[in-house]
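As a plain string of letters, each chain reads:
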Amino acid sequence: MLAAFVGFEIIRRVSPLLHTPLMSLTNALDAIAVVGAIILVGEAKSGLTTALGTIAIVAATSNLVGGFMITDRMLKMFKASSKPKKP
Amino acid sequence: MTTPLVTEQAIEIIYLISATLFILSLKWLSAPATARRGVFAGEIGMILAIGATLLYRGIVDYKWIVIGLVLGTIIGIPLGRVQMTAVPQRTALSHAFGALCVALVGTSEYYLRAPHVPKFMMSVLSMEVILGSLTFTGSLMAAGKLQEILPQRPITYKGQNLVNVSVLAISVAVAVYLVLHPGETRLFPLLIAIPLLFGVLMIIPIGGADMPTVISLLNSYAGLSAAAMGFVIDSKLLIVAGALDGSSGFILSVVMSKAMNRSFTNVLFGAFGQVQASAAAAQEARPVHTATAEEAAAILGAANAVVIVPGYGMAVAQAQHKVRELYDALTKRGVDVKFAIHPVAGRMPGHMNVLLAEADIPYDKLLDMDAINADFPQTDVALVIGANDVTNPAARNDPKSPIYGMPILDVDKARTVMVIKRGMSPGFAGIDNELYYLDKTLMLFGDARAFVGDIVRQLTGEGHG
């Protein structure tokens with residue numbers, strides 16, 4: 001709940017300029033669900049959980065890798081006009 | 001016995017650090033100057049969390065974990081390298097993957113625990129599986145529509161809302177029954193199948209112009225289902241990440257709905273489809289003023305202040321680099337050039353900003369609706385490239401128009417308006433645009449990229465004498 005509140009406050013301040021990267025970054029962070037899938041697969045309790053869990057790991061990891069990559073690529077493109085930006 | 005305990009504590013601490021890094025990551029994202037640091041923080045948090053999880057002592061078999069991680073990376077890399085114009089469908093696809101992961105884990109958890117699932121656990125688990133499943137098919141449908149594999153036009157039929165609501169109600173009923181009788185494993189597949197169907201039904205009636213709202217909404221669902229999964233497997237880290245994703249999706253949906261003057265329910269249940277036929281048929285062959293690239297270049301070259309209004313048409317024609325050349329040519333002549341970005345321009349929140357940034361246009365020249373509208377009366381030329389409904393004055397003055405009340409860019413207040421457009425076809429909302437018939441409006445018919453290219457050639461050609 002606290003996280004939702006803090007998140008709310010922070011995200012409200014993100015400028016519309018960066019809404020697309022915001023979405024792709026939160027998506028990448030969402031891929032932390034991979035943690036649950038890893039434990040599920042690792043505990044190897046049944047064939048079903050291993051199968052479903054492995055697919056889950058594939059899905060989440062592809063989000064994780066792709067999400068961070070594309071967010072960074074997008075952000076690299078945002079440049080201020082001629083004046084050098086502050087460090 | 002002490003060693004595993006220590007590891008356990010260490011894992012918890014690392015999770016806490018990761019959660020903090022995630023929040024910092026979003027905080028840094030709020031300004032372009034620190035945004036990349038934000039991505040970096042997110043990556044560190046992620047690596048720490050995954051590393052810590054691999055130390056978890058309950059893990060007995062690593063084989064499938066490694067296979068999963070490697071395969072996921074192989075699929076993820078091309079997804080991180082798509083064209084900027086394809087970002088909306090990529091995002092929809094990643095919502096689908098995220099939701100798939102959550103739904104699958106939820107399903108596994110249920111079968112591991114059944115029939116002894118406490119009521120609270122079963123409620124969250126149902127929510128996780130329902131949201132995960134409907135987001136999965138819903139996002140796949142959205143991605144299909146964006147990629148134009150599926151028809152973009154809204155598909156509506158009589159009693160559609162009734163059907164949708166009933167389907168959703170049935171899945172909730174199944175969930176309630178399972179909460180009361182968690183041992184009924186035969187019913188569980190319904191909890192997956194019905195929301196899968198609902199996801200499809202939900203997206204069918206939605207048209208291209210509503211995509212920004214829908215993507216945000218699906219974003220929110222994906223986050224909420226992940227947060228629910230966090231409760232199920234008792235992972236605070238996942239609750240935090242899910243809550244962040246859920247609230248960001250929610251905020252974006254609200255912003256998008258506001259920008260279209262419609263409520264959530266309106267977007268979901270009241271497709272523009274119904275009004276289309278009548279509005280498009282009413283007006284035929286009204287006179288418009290047209291101009292050639294040469295004339296347009298002359299007017300632009302003589303202007304002091306120009307505002308460019310990009311829309312989805314610019315993305316489709318891949319015209320952003322030509323627009324950049326136009327920006328350069330005009331700036332060199334001392335013309336003040338700005339860009340006006342409507343919140344729902346394009347197919348996802350912030351879509352136009354990313355495209356223009358890709359073309360190296362400085363972000364401080366990209367202004368959102370509230371910042372730019374006051375400037376239009378002092379603007380010599382408003383150049384509309386592939387945008388339509390967001391510039392339609394009917395939203396301000398025609399109470400009968402379906403888009404009445406939607407905040408628009410006041411391009412009609414500029415001294416001259418130029419509209420680059422393929423033809424007179426109405427926009428995605430299917431509504432005729434009054435703007436095109438004004439005396440001060442010049443229609444420039446043609447492909448956006450080719451036409452802007454022609455204007456640039458005229459401008460630079462003149463410069464050489």
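Just above, that's the structure.
What counts and what doesn't
- Residues numbered from 1 in each chain as written.
- Chains lettered and ligands numbered in written order.
- Predicted model: local features only at pLDDT ≥ 70, side-chain atom pairs only at ≥ 80, totals over all residues.
- Heavy atoms only, no water.
- Core = buried A, V, L, I, M, F, W, Y, C linked by side-chain atoms within 4.5 Å.
- Buried < 20%, exposed > 50% of the residue type's maximum accessible area, 1.4 Å probe, protein only.
- Helix = DSSP H or I, 4+ residues; strand = E, 2+ residues; numbered from the N terminus.
- Contact = heavy atoms within 4.5 Å.
- Pairing = 2+ DSSP bridges.
- Expected span 1.5 Å × (residues − 1).
- Buried area = accessible area lost by both parts, 1.4 Å probe.
- Salt bridge = Lys/Arg side-chain N within 4 Å of Asp/Glu carboxyl O.
- Polar contact = N/O pair within 3.5 Å; in protein donor to acceptor, adjacent residues only side chain to side chain.
- Phe/Tyr/Trp six-rings, centres within 6.5 Å; stacked < 30°, edge-to-face > 60°.
- Lys NZ or Arg CZ within 6 Å of the ring centre and 35° of its normal.

Draft legend 1. Region of interest: the nonpolar core. All names here are of chain B. Membership of the largest hydrophobic core comes to 148 residues, with the highest contact counts inside it found for Leu326, Phe339 and Ile455. With 12 residues, the top contributor of residues to this core is helix α5 (residues 119-146). Here Ile455 is in contact with Ala293, Ala296, Ala297, Leu300, Leu326 and Leu444, once residues within four sequence places are set aside. Ranked by size, the runner-up nonpolar core spans 27 residues in total, among them Leu367, Ile372, Val384 and Val411.

Draft legend 2. Summary view of unusual backbone geometry. Residue and element names in this part refer to chain B. One non-glycine residue, Gln318, lies in positive phi territory at about 55°. With respect to the element layout, Gln318 can be found in the loop between α13 (312-316) and α14 (320-332). Judged by its relative accessible area of 28%, Gln318 falls in the partly exposed class. The residue Asp360 is not glycine, and still its phi comes out positive at about 70°. When you line up the elements, Asp360 lands in the loop between α15 (351-358) and β4 (366-368). According to the relative accessible area criterion, Asp360 is partly exposed, its value standing at 40%.

Draft legend 3. Up close: the pairing of strand β2 (residues 305-310) of chain B. All names here are of chain B. Extensive coverage of β2 is indicated by the burial of six of its six residues. Alternating residues of β2 divide into Ala305, Val307 and Val309 and Val306, Ile308 and Pro310, and every residue in both groups is buried. Where β2 and strand β3 (residues 336-341) come together, four bridges link them in parallel fashion. In the strand pairing of β3, Val307 is matched with Lys338.

Draft legend 4. The arrangement of α5(B) in detail. Over its 28 residues, α5(B) runs 40 Å from end to end, which matches the ideal 40 Å to within 8%, given 1.5 Å per residue. Positive backbone phi, approximately 65°, marks Glu148(B), located one or two places after α5(B).

Draft legend 5. Spotlight on the interface of chain B and chain A. Listed as interface residues are 95 residues of chain B and, on the opposing side, 73 residues of chain A. At the boundary of chain B with chain A, total buried surface from both sides reaches about 7300 Å², with 77% on carbon and sulfur atoms. Where chain B packs against chain A, one counts one salt bridge. Counting every contact that joins chain B to chain A gives 14 residue pairs in polar contact (both at pLDDT 80 or more). If you list the elements that add at least two residues to the side of chain B that touches chain A, you get α1 (2-28), α2 (35-55), α3 (63-79), α4 (87-113), α8 (211-232), α9 (236-259), α15 and β4 of chain B.

Draft legend 6. Region of the structure containing the packing of aromatic side chains. Residues and elements named next belong to chain B. For the structure on display, the rule yields five aromatic pairs over all chains. Seen from their ring centres, Tyr110 and Phe188 are 4.1 Å apart, and the 5° between their planes marks the pair as stacked. Of this pair, Tyr110 sits in helix α4 while Phe188 sits in helix α7 (residues 188-203), and the two are 78 residues apart along the sequence. Using a relative accessible area of 0% as the deciding quantity, one classes Tyr110 as buried. A relative accessible area of 0% means that Phe188 is categorised as buried. The structure contains a cluster of three or more aromatic residues connected by ring pairs, namely Tyr110, Tyr111 and Phe188. One Lys or Arg, Arg37, reaches over the ring of Trp28 and ends 4.7 Å from the middle of that ring.

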